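Letter by letter, the chains look like this.
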Number of protein chains: 2
Amino acid sequence: MTGRLEFWFELGSNYSYLSMMRIEELARQYAVHIDWHPFLLGPIFKSFGWETSPFVLQKEKGNYMWHDIARQCRKHGLPWTRPTTFPRPTLLPMRVAIWAQSEPWLAAFCRRVMTMNFAEDRDVHTEEAIRPVLEELGLNASGVLDAAQSIQNKERLRNQTERARTLGIFGAPTFIVNGSMYWGNDRLEDAVLDAAGKTNGS
Amino acid sequence: MTGRLEFWFELGSNYSYLSMMRIEELARQYAVHIDWHPFLLGPIFKSFGWETSPFVLQKEKGNYMWHDIARQCRKHGLPWTRPTTFPRPTLLPMRVAIWAQSEPWLAAFCRRVMTMNFAEDRDVHTEEAIRPVLEELGLNASGVLDAAQSIQNKERLRNQTERARTLGIFGAPTFIVNGSMYWGNDRLEDAVLDAAGKTNGS
C-alpha cells in the first residue's frame, strides 16, 4: 500500500514555493502519493481578523522572513528573487489549479507559476500571464481559462478554502498525513517520512 | 578561530526547550562557542500589542503547536509533558539565568528548569522551586537568589530584553551568527553550521 500525503498550498505563499519545488522528488524517493490541495490563504487570514499576510502585518517577522527565505532557497539550490509585490494576487492561477487538481499537468503548472512569482518577480494574476504557461504545457489555454473562471469552479475553490479552515489549517504549506497535520516547509521531510511509514508518525 | 553563536532563549518558551536540550552537543560537535542570552519574551510580545503568547492568542496555531512539539520531542528523544499552565511565569529563573550568563553552571541550570517546566509539568517561578535546583548544582542558593533579585540584576534582564527588541528579535529561540539571525529550533542546525563556517552563511 502506497502512503498518501495531502499537500495544501497557495501559489502566493513563499514557503509553499520551497515545498512545491521539492515535494515531487521527495515523494518519488519514498513512493508516497501526493494529493494536491490548492486553497486560498486570504480568507483564512481574514477569519483571524487579518487583512493581509502576517509577514506584512508583523514587521519584525516579515524582515526576518525575507532573509530566511533567501537563505533557504540557497540551501536547496532554488532560484530566488524577492517579489516587488507581496503578497501577489493569485486568484486566477489558483482557480486554474483547483480546476486541474487531478490533472497530470497540475504540478508543472504550479511550479511554473511559482517560478514566475518568486524567481522572476512577475505578476501571475492576469490572463496574459497565465495563457502562455498553459500553452507551453500543450493545453487549450482558452478552454482551461474559461473552465477555471466558471461559476462552478469559483465555488469549488471557495469550498476547498472553507474545508481548509474547518480542518484548522492556518498557513501554507500544510501537509496532512492520516489526519495528522504538519505545517511549514520545515516539516516536509517529516510529513513524507510519516506517509511512507518510516516514523512512528503522530 | 572558533565560531561563535548567540543563543537567545526564554525558559518559558517550549521551542527554546528543544534547542536548550540539543545545542550543547551540536556546538561541541562543530567546535562552536555558545554565547548565552536569556531574555524575556513577554515584553517583546507586549511591544507587538499582544498580552500573551501568540500560541494562546491564535487558537488554531496553538492547537497545532501542542501536537508539533510532542512530535518533535519524540523525534529528538526528549521527554515531554504538556504543561498545565502555559505560558508559565519564569521571571525568577530568568533573573538567575541572566545573573549567571557567563557561569559554567548556567546551561545545567537552564536544562533543569526547562525539564521541570516541559517534562515534569512543575511551576518554576518560586524560590521553593528554584532553591533545590541551585543546591543540586552545589551553589549557595540563598546567595544566588539574593543576587538574582537585586535591583541591578533586574535592570540587567530588562536591558537584555530591550537589546533583543532592538535587534529585531520577535520570538524564541533565536540564534545570531555574525549578525545574521536564525529563528526557531528548526534553524538550530543551520545556525551551528554557519558559525562553524560550514555554509556560505547568510
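Draft legend 1. Structural view of the sheet that holds strand 3 (residues 174-177) of chain A. Residue and element names in this part refer to chain A. Spatial ordering of the open sheet is given by 2-1-3-4, a layout of four strands whose pairing is mixed. Of all strands in the sheet, those bounded by a partner on one side alone are strand 2 (32-38) and strand 4 (180-183). Within the sheet, the average angular offset between the axes of one strand and its neighbour, ignoring direction, is 25 degrees.

Draft legend 2. Structural view of the packing of helix 5 (residues 91-99) of chain A against helix 7 (residues 127-136) of chain A. Residue and element names in this part refer to chain A. The geometry of helix 5 relative to helix 7 is characterised by a closest axis approach of 9 Å and an angle of 35 degrees between their N-to-C directions. Crossing hand, helix 5 versus helix 7: right-handed. Two secondary-structure elements touch here, helix 5 through Leu92, Pro93 and Val96 and helix 7 through Glu127, Ile130 and Leu134. For the contact of helix 5 with helix 7, the class distribution of residues is five nonpolar, no polar and one charged.

Draft legend 3. A look at the relation of the copies chain A and chain B. Rotating chain A by 180 degrees and translating it 0.0 Å along the rotation axis places it on chain B, where the RMSD comes to 0.0 Å. Read as a symmetry element, the transformation amounts to a two-fold axis. Relative to the rotation axis, the closest C-alpha in chain A is found at Asp186 of chain A, a distance of 3.5 Å. Same-surface contact between copies: 100% of interface residues of chain A are shared with the interface of chain B.

Draft legend 4. Representation of the sheet that holds strand 1 (residues 3-9) of chain B in the model. Residue and element names in this part refer to chain B. Taken together, four strands build an open sheet; the order of strands is 2-1-3-4 and the sheet is mixed. Where the open sheet ends on each side, the last strands, each with one partner, are strand 2 (32-38) and strand 4 (180-183). Within this sheet the neighbouring strands show an average axis-to-axis angle of 25 degrees, counted without direction.

Draft legend 5. The arrangement of the interface of chain A and chain B in detail. On the side of chain B, 24 residues touch chain A, which itself brings 24 residues to the contact. When the buried surface of chain A facing chain B is broken down by residue, Tyr64, Phe170 and Arg187 of chain A rank first, second and third, together holding 24% of it. There are six salt bridges connecting chain A and chain B. The salt bridge partner of Asp190 of chain B is Lys75 of chain A, with a shortest N-O separation of 2.8 Å. One can count 16 residue pairs in polar contact (both at pLDDT 80 or more) joining chain A with chain B. Taken together, the elements giving at least two residues each to the side of chain A that touches chain B come down to helix 4 (59-76) and strand 4 of chain A. For the side of chain A that touches chain B, the element with the highest residue contribution is helix 4 of chain A, accounting for nine residues. Taken together, the residues that form the side of chain A that touches chain B break down as seven nonpolar, eight polar and nine charged.

Draft legend 6. View of the packing of aromatic side chains. What the rule picks out here adds up to 36 aromatic pairs over all chains. Both rings, one in Trp66 of chain A and one in Trp80 of chain A, keep their centres 6.1 Å apart while their planes meet at 35 degrees; by these two values the pair is tilted. Taken together, the residues span a long stretch of sequence, with Trp66 of chain A in helix 4 and Trp80 of chain A in the loop between helix 4 and helix 5 at a distance of 14 residues. Through a chain of ring-to-ring contacts, the aromatic side chains of Tyr17, Trp66, Trp80, Phe86 and Phe118 of chain A assemble into a single cluster. Lying across the ring of Tyr182 of chain B, Arg71 of chain A places its NZ or CZ 3.6 Å from the centre.

Parameters at a glance
- Residues numbered from 1 in each chain as written.
- Chains lettered and ligands numbered in written order.
- Predicted model: local features only at pLDDT ≥ 70, side-chain atom pairs only at ≥ 80, totals over all residues.
- Heavy atoms only, no water.
- Pairing = 2+ DSSP bridges.
- Helix = DSSP H or I, 4+ residues; strand = E, 2+ residues; numbered from the N terminus.
- Axes fitted to C-alpha atoms, helices over the stretch in contact; angles between N-to-C directions.
- Left-handed = near helix turned anticlockwise from the far one by under 90°.
- Contact = heavy atoms within 4.5 Å.
- Nonpolar A, V, L, I, M, F, W, Y, C, P; charged D, E, K, R; others polar.
- Least-squares fit on C-alpha atoms with pLDDT ≥ 70 in both.
- Buried area = accessible area lost by both parts, 1.4 Å probe.
- Salt bridge = Lys/Arg side-chain N within 4 Å of Asp/Glu carboxyl O.
- Polar contact = N/O pair within 3.5 Å; in protein donor to acceptor, adjacent residues only side chain to side chain.
- Phe/Tyr/Trp six-rings, centres within 6.5 Å; stacked < 30°, edge-to-face > 60°.
- Lys NZ or Arg CZ within 6 Å of the ring centre and 35° of its normal.

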